[in-house]
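# A look at the structure
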Amino acid sequence: MLPFTVNFKVSARTLTGALNAHNKAAVDWGWQGLIAYGCHSLVVVIDSNTAQTLQVLEKHKADVVKVKWARENYHHNIGSPYSLRLASADVNGKIIVWDVAAGVAQCEIQEHAKPIQDVQWLWNQDASRDLLLAIHPPNYIVLWNADTGTKLWKKSYADNILSFSFDPFDPSHLTLLTSEGIVFISDFSPSKPPSGPGKKVYISSPHSSPAHNKLAAATGAKKALNKVKILITQEKPSAEFITLNDCLQLAYLPSKRNHMLLLYPREILILDLEVNQTVGVIAIERTGVPFLQVIPCFQRDGLFCLHENGCITLRVRRSYNSIFTTSNEEPDPDPVQELTYDLRSQCDAIRVTKTVRPFSMVCCPVNENAAALIVSDGRVMIWELKSAVCNRNSRSSSSGVSPLYSPVSFCGIPVGVLQNKLPDLSLDNMIGQSAIAGEEHPKGPILQEVHLRFLLTGLLSGLPSPQFAIRMCPPLTTKNIKVYQPLLAVGTSNGSVLVYHLTSGLLHKELSVHSCEVKGIEWTSLTGFLSFATSTPNNMGLVRNELQLVDLPTGRSIAFRGERGNDESPIEMIKVSHLKQYLAVIFKDKPLELWDVRTCTILREMSKNFPAITALEWSPSHNLKSLRKKQLATREAMARQTVVSDTELSVVESSVISLLQEAESKSELSQNISAREHFVFTDNDGQVYHLTVEGNSVKDSARIPPDGSMGSITCIAWKGDTLVLGDMDGNLNFWDLKGRVSRGIPTHRSWVRKIRFAPGKGNQKLIAMYNDGAEVWDTKEVQMVSSLRSGRNVTFRILDVDWCTSDKVILASDDGCIRVLEMSMKSTCFRMDEQELTEPVWCPYLLVPRASLALKAFLLHQPWNGQYSLDISQVDYPENEEIKNLLQEQLNSLSNDIKKLLLDPEFTLLQRCLLVSRLYGDESELHFWTVAAHYLHSLSQEKPAGTPASKETMPRDKVNNPLDICYDILCENAYFQKFQLERVNLQEVKRSTYDHTRKCTDQLLLLGQTDRAVQLLLETSADNQHYYCDSLKACLVTTVTSSGPSQSTIKLVATNMIANGKLAEGVQLLCLIDKAADACRYLQTYGEWNRAAWLAKVRLSSEECADVLKRWVDHLCSPQVNQKSKALLVLLSLGCFFSVAETLHSMRYFDRAALFVEACLKYGAVGVTEDTEKLISAIYADYARSLKNLGFKQGAVLFASKAGAAGRDLLNELDSPKQERTEE
């Protein structure tokens, strides 16, 4: 059995409380799985799985307004490891970039002294992963290098900027929400500031636009909502329509390109930016609760919405099955064609009061299946989405909401019914995609209908709002070491007492003891305390006093003074004697009461003429030792008596002993040896009285006249032979009782509120609390050790102080926090690896870089030695024991569901790569493996067995289980075309002005939908200036397909147009005569790469499309563009797996390259030729070398042996130490 150890190492920490109004939007959930939020000027970091506080960062001098985790969208290796980086910005315009694990600030950034409006890391991290964009009020955006703190560029705009949003599909697009409207920037680049003022549009609000009111009158409200036209205009709307300041938030939809949402309190508008038109409105009924915030999802077209009552709802886009007809005939006019988001799940609301209201919500960026709500009182609630399969019969068809189905695949690959899967892993593994128009859901036994619900899986509550009275439990001694727990009791303003365990920083117990504000607490043992509270005084100045004795293990609380306490003078303080025998209760205008703590009886109520007490302290000296000696002598006599034969004892002696035995047994029962104890107190004149208490007798023993240099004494502390007095004027008087000398020291800090000695034998340190701070003194040397002043070195005011251990102090402050600090009282963040956590936390980011990467390799290359195992000691990893233990702790902290998957032999390599990238929160790997798994699997399925594998095959057009549309240009062509058609249908239904109609016509022509384009062209009214032009264009489109000469003429006209700057019109003409390939080439020549890729996907055959996309890949890889990670994904979507492996190797992504090659070989996706063999062995050899650098020997041997000739030298190197050992 393990020896019993008790952990009483208390590290410096901060217990946080309620938040400040400035902290409202200061919260972020990082890819690393941690949530950071601002609490006054602190930044708190918690683990989302176990809801434990991992770190509290303290360096800001003002309230924190924004926090943002760095993105993980880059390849991680030993040079750029997994690390916890966080940027936080405050009201004074300071931005601090933290290394969270070490708790140190990496750099500090300051431009102006105004609150930062918004701050974000750039998501495209190919060129640099340290870039941070910030809004410095009123109208500047500044790009910073967050590693060095250097300013890269600064740009000002005409209006005040409120927030901004990056386009998740194109890093050069940025949108600013300003006080006047919206500014679109299309040339954002890290190297230089955007040119020009950007494209500015105004929005007339949904409520005030006249169109809205007219419609409402004409038809029912429901119809009106479907027809709401939001007018996005280039002109400034007239004054009565400017209500954009209602707009709470602007965000791009990451689930589909060029869509944006605007959030208003009562509706969410979905805009299609290609036509600047609303294509969907989510409105709240009149009785509904208004929105506060919305987070759009990436994996599915869904929205997490936060409402004003703290309720979080999930809305998912409804699938329209075969509503739209994809042929050229007129679609059925009846169904409402609009993006509709159905409410799929909602969590419980919170009780909103004046002081308690929801602040903001964050969503897990990796899995999008959990949301955390931050409440103003400091609570963090973590809600997780769970999916449940429901049987067909129970479904109520009346709900009118189309069913949600579970997806066919798990972790990127279709799985059978019996295979192990974990649907709650992430949102895209819970629910399948919304079907696109004209597609039925694939029917089959695998398709299961699912319901989603929110489950509260984590709750972290903060301290209540101040005032606080704090008291640490009695100190650790050699006698109580077996049972000791460092507990801190905190009395609060609502009458409850919170007991915190200071090694973990967690709430141990919350006890509702009183009905009014707790004024003081004194411990009577390690497991019990006395606390007192006083109600507000009546007009006579009398109050109700409550004095309770609380037993901590049972929570039982008894009224210590029985019936007393109503309508009497308020209790000023209570003091428990050194041996916890006696209690002195001091009142404001009433004589002192002395009580016996053990029996709850009153020993003495002093007479009316007893002096008024200003300060009181019990002496540490007592006669317990001499009493114990007497007791021992008795016991020895008894022992003697039993040994000696009875006859030799005289009758008298035996009777004495029987009396002694009786007394002894009584005292054993109650342990009531009443030792003699002393206390001193001072009166209003400063005279010091010394009284002795023994049993129930109280004797006055000495009086010492007042010291002339001291004012009115406010507090006394006594330890050993030192007695310290503090007074109203900030003087401290040190008495050395042995040497009979006293020293007065003026601190010039006004009223001494409290003085306390530190615990520990011979420890003569003392903390003094003043109105404006605190000081630690060494009473042996009579000199100050450290000092803290509100307003000078800290922003908060101190409410109460105590000692936590012999070298750490506790400060309660008015910002609602309680800090455990070193004696220097400097605020420090702790190292996260020194933290004592009650529950293990999965966070590989906390390991040293070598270890986190070795752990990843260990998980990815299962099985080891032919067996699947999560025991790191099974593999040859010659690292020191401490690191191995840390790795094993990480592995043990994984959930059982994840362990089951990792140990499942059926779980393929691709699925394993995807799962590990989710566990590590590695954004770039997640996208790479999602696309790789999809195309490796789908291409291997459709390849006939006979064909040689070397020819790189193209994706077929028939798609059963397409790649999610959030991957946009990477999707299969057929699916992409369908999506674009659905989109143009929607735009057509929603158009409200001639401009919109014209944009729809252009799109229809590019998509080859000529008949519908002609219909739209003929709609142009005769008084429009474009009437003649459009009529001619309609004639041209209908006749164009005829003769050969007309084709050459049109081609000539088109090339001339393009040459003269009319690119879009020229491209349209080329598309009319089926020369879309030429059109793409022109677009690429003029730098319209995205447009060219779009056109190729919707108009060209797969071979021609591949040519266009391969040119795009070359462009993306060029040094001035440097978007190689995007290029890799495009190559994957083309099925060019060999090129992918080559590119990965050239980028030195050895781990990803090796895993990818293994996967390709399993799927037979790369043919075995001389070139491929050479490349593969080079990749394996380089990967083995990198594993060797990590110290992961067995992995290195594994890949060196796979690398053939290239790995031979390395194998010899790895084997040689073994041989040396055997030779020795």
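Our structure's up above, just so we're on the same page.
Description of the structure in this document.

Parameters at a glance
- Residues numbered from 1 in each chain as written.
- Predicted model: local features only at pLDDT ≥ 70, side-chain atom pairs only at ≥ 80, totals over all residues.
- Heavy atoms only, no water.
- Helix = DSSP H or I, 4+ residues; strand = E, 2+ residues; numbered from the N terminus.
- Buried < 20%, exposed > 50% of the residue type's maximum accessible area, 1.4 Å probe, protein only.
- Areas by Shrake-Rupley, 256 points an atom, 1.4 Å probe, with all protein chains shown as cover.
- Patch = residues over 30% accessible without salt bridge, like charges linked within 9 Å, V, L, I, M, F, W, Y side chains within 5 Å.
- Salt bridge = Lys/Arg side-chain N within 4 Å of Asp/Glu carboxyl O.
- Lys, Arg positive; Asp, Glu negative; His and termini not counted.
- Charge placed at Lys NZ, Arg CZ, Asp CG, Glu CD.
- Core = buried A, V, L, I, M, F, W, Y, C linked by side-chain atoms within 4.5 Å.
- Domains from an automatic or database assignment.
- Contact = heavy atoms within 4.5 Å.
- Pairing = 2+ DSSP bridges.
- Axes fitted to C-alpha atoms, helices over the stretch in contact; angles between N-to-C directions.
- Parallel < 35°, antiparallel > 145°, perpendicular 65-115°, else oblique.

Along the backbone of the protein chain there are 25 helices and 60 strands. A total of 1224 residues make up the protein chain; the buried ones form 56% of that total. For the protein chain, the accessible area works out to roughly 52,600 Å², and carbon and sulfur atoms hold 52% of it.

The next thing to look at is a negative patch on the surface. The grouping of Glu1142, Glu1170, Asp1171 and Glu1173 at the surface amounts to a negative patch. Looking at the negative patch element by element, the count peaks at 3 residues for helix α23 (residues 1170-1189). With respect to the helices, strands and loops of the structure, Asp1171 is situated in helix α23.

Looking now at the nonpolar core. Leu1095, Phe1137 and Phe1156 are the most contacted members of the largest nonpolar core, which totals 181 residues. Top element by residues in this core is helix α10 (residues 923-942). It accounts for 9 residues. For this core, the two domains that each supply at least three residues are domain 1 (849-940 + 1135-1218) and domain 2 (967-1121). The residues contacting Phe1156, other than those within four sequence positions of it, are Phe928, Trp929, Ala932, Leu936, Leu1132, Phe1137, Val1140, Ala1141 and Leu1144.

Here we take up the sheet that holds strand β3 (residues 34-39). Taken together, 4 strands build an open sheet; the order of strands is β2-β3-β4-β5 and the sheet is antiparallel. Either end of the sheet is taken by a strand with one partner, and the two such strands are β2 (27-29) and β5 (53-58). Neighbour-to-neighbour, the strand axes of the sheet open up by a mean angle of 15°, direction not taken into account.

What follows covers the sheet that holds strand β6 (residues 64-69). Strand pairing in a sheet relies on backbone hydrogen bonds, with the paired strands running either antiparallel or parallel. One open sheet accounts for 4 strands, arranged β6-β7-β8-β9; its pairing is antiparallel. Only two strands of the sheet have a single neighbouring strand rather than two, namely β6 and β9 (104-110). Strand after strand, the sheet turns through a mean of 20° between neighbouring axes, direction not considered. When strand β7 (residues 85-90) meets strand β8 (residues 94-99), the two strands line up antiparallel, connected through 5 bridges. The residue of β8 that forms the bridge with Ser88 is Ile96.

Here Ser512 shows up in strand β37 (residues 506-512). Along the backbone, Ser512 and Gly555 are 43 residues apart, and their C-alpha atoms lie at a distance of 9.3 Å. Apart from the residues within four sequence positions on either side, Ser512 is in contact with Gly495 and Ser496.

Attention shifts here to the packing of helix α11 (residues 973-990) against helix α18 (residues 1089-1099). For the pair α11 and α18, the least separation of the axes is 8 Å and the interaxial angle reads 100°. Comparing the axis directions of α11 and α18 gives the class roughly perpendicular. Here α11 contributes Asn973, Phe976, Gln977 and Gln980 to the contact with α18, which in turn contributes Trp1094, Lys1097 and Val1098.

A few words now on the environment of Thr353. Checked against the element boundaries, Thr353 lands in the loop between β26 (341-346) and β27 (358-363). Residue classification places Thr353 among the partly exposed positions, given a relative accessible area of 33%. A C-alpha to C-alpha distance of 9.8 Å links Thr353 and Asn309, two positions 44 residues apart in sequence.

We now examine the pattern of salt bridges. Here the structure, examined in full by the defined rule, presents 51 salt bridges. Two residues, Arg85 and Asp130, come together in a salt bridge whose shortest N-O distance is 2.6 Å. Of this pair, Arg85 sits in strand β7 while Asp130 sits in the loop between β10 (118-121) and β11 (131-136), and the two are 45 residues apart along the sequence. Like Asp130, Arg85 is buried. Salt-bridge contacts for Asp1078 lead to Arg1081; the nearest nitrogen and oxygen are separated by 3.6 Å. Pair noted here: Asp1078 and Arg1081 are both in helix α17 (residues 1076-1085), with a separation of 3 residues, about one helical turn. By relative accessible area, which is 42% here, Arg1081 ends up partly exposed. Each of the salt bridges in this network shares a partner with another, and the network as a whole consists of Arg561, Arg564, Glu568, Lys590, Glu593 and Glu605.

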